[in-house]
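Commentary on secondary and tertiary structure
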Number of protein chains: 2
Amino acid sequence: MRCEVPLDKAYLLMNHGPVTLVSSAAGGVDNVMAASWTMPLDFDPPKVAVVIDSQTRTRALVTASGEFVINIPASTQHDAVLAAGHYSGQNVDKFAQCGLGKARAAKVAAPLVEGCLAWLECKVLPRPDNETRHDLFLAEVVAAWADDSVFSHGRWHFSEDGPTSLHYLAGGQFFMTGTPLHGRMPEEA
Amino acid sequence: MRCEVPLDKAYLLMNHGPVTLVSSAAGGVDNVMAASWTMPLDFDPPKVAVVIDSQTRTRALVTASGEFVINIPASTQHDAVLAAGHYSGQNVDKFAQCGLGKARAAKVAAPLVEGCLAWLECKVLPRPDNETRHDLFLAEVVAAWADDSVFSHGRWHFSEDGPTSLHYLAGGQFFMTGTPLHGRMPEEA
């Protein structure tokens, strides 16, 4: 079930470096692209950074709307993530082409991608120099959601035979998010 | 064995979102901190983005030197990563405190952290507005290295019983980099 994540916990949805899908909408058109180059930028209010290439349809929609959603796909969606990274929204309806469904977001016009594990609704913090020179967008997270079967109480908890998040290398190769490992905090030493 | 990674492949060392150690040096002092908030920013020449809090000793050393190294720690180094995230270099010799060794880098004064899986030597691209407002540093990668037992020919290849890279959540909890998963690229469909 999709449950709201408190904004001060939103960074935890991305802190472990998963591949993401960035969804966007403007003027009645929507799109989705794959993005590994994204990271948290601040805790509270939560902010994120993401690279959005100037040649993409997503870039035009994000620039027009000042909004996007960062979706954290499930490992079962690996082929849809590759399709979202392969096709251009200039030519096709990416959601249909990738077999991805849409749900309504709470605070932005960009849709949530169905079947994902978590969602961060974002509003762009305009930084024209970053955008022009580095294709780098900074944004504030205004709402966050997670599937409570894998994320609750500020923690990811993947089951052994269930979906995990994904980490992308290149050329179609992902890694699943692996075994949890609890380190010993220094104060416990 | 530590082998040079061609600069146009350097982004692959970070593309899957591992936790990192950021090492720095200036005026005969060095330091190391843990950082999950880092990502690739460009392919060739390779660039990276990393958040370095204004209160850290690392921030002072990076500002003074304009250089740092992003080190990708091995899963066996989990307690050292937590120690590097816990202690402040204002008060202690972080390398000694964390039990981490140093090796000489090729193009920057900051040391490479021994025992890590990969290393990206970086020179800061000054962006004062990002640094002041967001603690966000952009840098160009000027040399890159990887342990060829886990990364070669532009690919990570972890063995089942060997070390992997790590992904950090919070509160001492990591995930190991998990099972490889080869998606089907659209052109193969």
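In this report, we go over the structure that sits alongside the text.

Conventions and cut-offs
- Residues numbered from 1 in each chain as written.
- Chains lettered and ligands numbered in written order.
- Predicted model: local features only at pLDDT ≥ 70, side-chain atom pairs only at ≥ 80, totals over all residues.
- Heavy atoms only, no water.
- Salt bridge = Lys/Arg side-chain N within 4 Å of Asp/Glu carboxyl O.
- Buried < 20%, exposed > 50% of the residue type's maximum accessible area, 1.4 Å probe, protein only.
- Helix = DSSP H or I, 4+ residues; strand = E, 2+ residues; numbered from the N terminus.
- Pairing = 2+ DSSP bridges.
- Least-squares fit on C-alpha atoms with pLDDT ≥ 70 in both.
- Contact = heavy atoms within 4.5 Å.
- Disulfide = S-S within 2.5 Å.
- Buried area = accessible area lost by both parts, 1.4 Å probe.
- Polar contact = N/O pair within 3.5 Å; in protein donor to acceptor, adjacent residues only side chain to side chain.
- Nonpolar A, V, L, I, M, F, W, Y, C, P; charged D, E, K, R; others polar.

Residues and elements named next belong to chain A. Scanning all chains against the criterion turns up ten salt bridges over all chains. In this structure, Lys47 and Asp42 form a salt bridge, with 3.5 Å as the shortest nitrogen-oxygen distance. Looking at Lys47, the relative accessible area reads 14%, which means it is buried.

What follows covers the pairing of strand S10 (residues 136-147) of chain A. The side chains of a regular strand alternate, residue by residue, between the two faces of the sheet. Residues and elements named next belong to chain A. Counting buried positions along S10 gives eleven out of twelve residues, so the element sits mostly inside the fold. Relative to S10, strand S1 (residues 2-4) runs antiparallel, the two being bridged by three bridges. The partner of Arg2 across the bridge, within S10, is Asp147. Of the pairings in the sheet, the one linking strand S5 (residues 46-51) to S10 comprises five bridges and is antiparallel in character. Counted as the bridge partner of Ala49 is Leu138 from S10.

Mapping chain A onto chain B leaves a residual RMSD of 0.0 Å; the transformation is a rotation of 180° accompanied by 0.0 Å of translation along its axis. On the angle and the small slide along the axis, the relation comes out as a two-fold axis. When the interface residues of chain A are mapped onto chain B, 100% of them are again interface residues, pointing to one common binding face.

The subject of this paragraph is the state of the cysteines. Residues and elements named next belong to chain B. Summed over all chains, the structure comprises zero disulfides over all chains. Just so you know, Cys98 is unpaired, no disulfide at all, and the nearest cysteine sulfur is the one on Cys116, 11 Å from it. Residue Cys116 is classed as buried on the basis of its relative accessible area of 3%.

Accessible area lost upon the coming together of the parts is a frequently used measure of interface size. Each partner contributes residues to the interface: chain A has 57 residues there, and chain B has 57 residues. Summed over both sides, the interface between chain A and chain B buries roughly 5,000 Å², with carbon and sulfur atoms accounting for 64% of that surface. One can count zero salt bridges joining chain A with chain B. Connecting chain A to chain B are 21 residue pairs in polar contact (both at pLDDT 80 or more). The leading source of residues in the side of chain A that touches chain B is strand S14 (residues 173-182) of chain A, at ten residues. Residue composition of the side of chain A that touches chain B, by class: 29 nonpolar, 19 polar and nine charged. Here S14(A) pairs with strand S14 (residues 173-182) of chain B via seven bridges, running antiparallel. Bridging across to S14(B), A:His182 finds its partner in B:Gln173.

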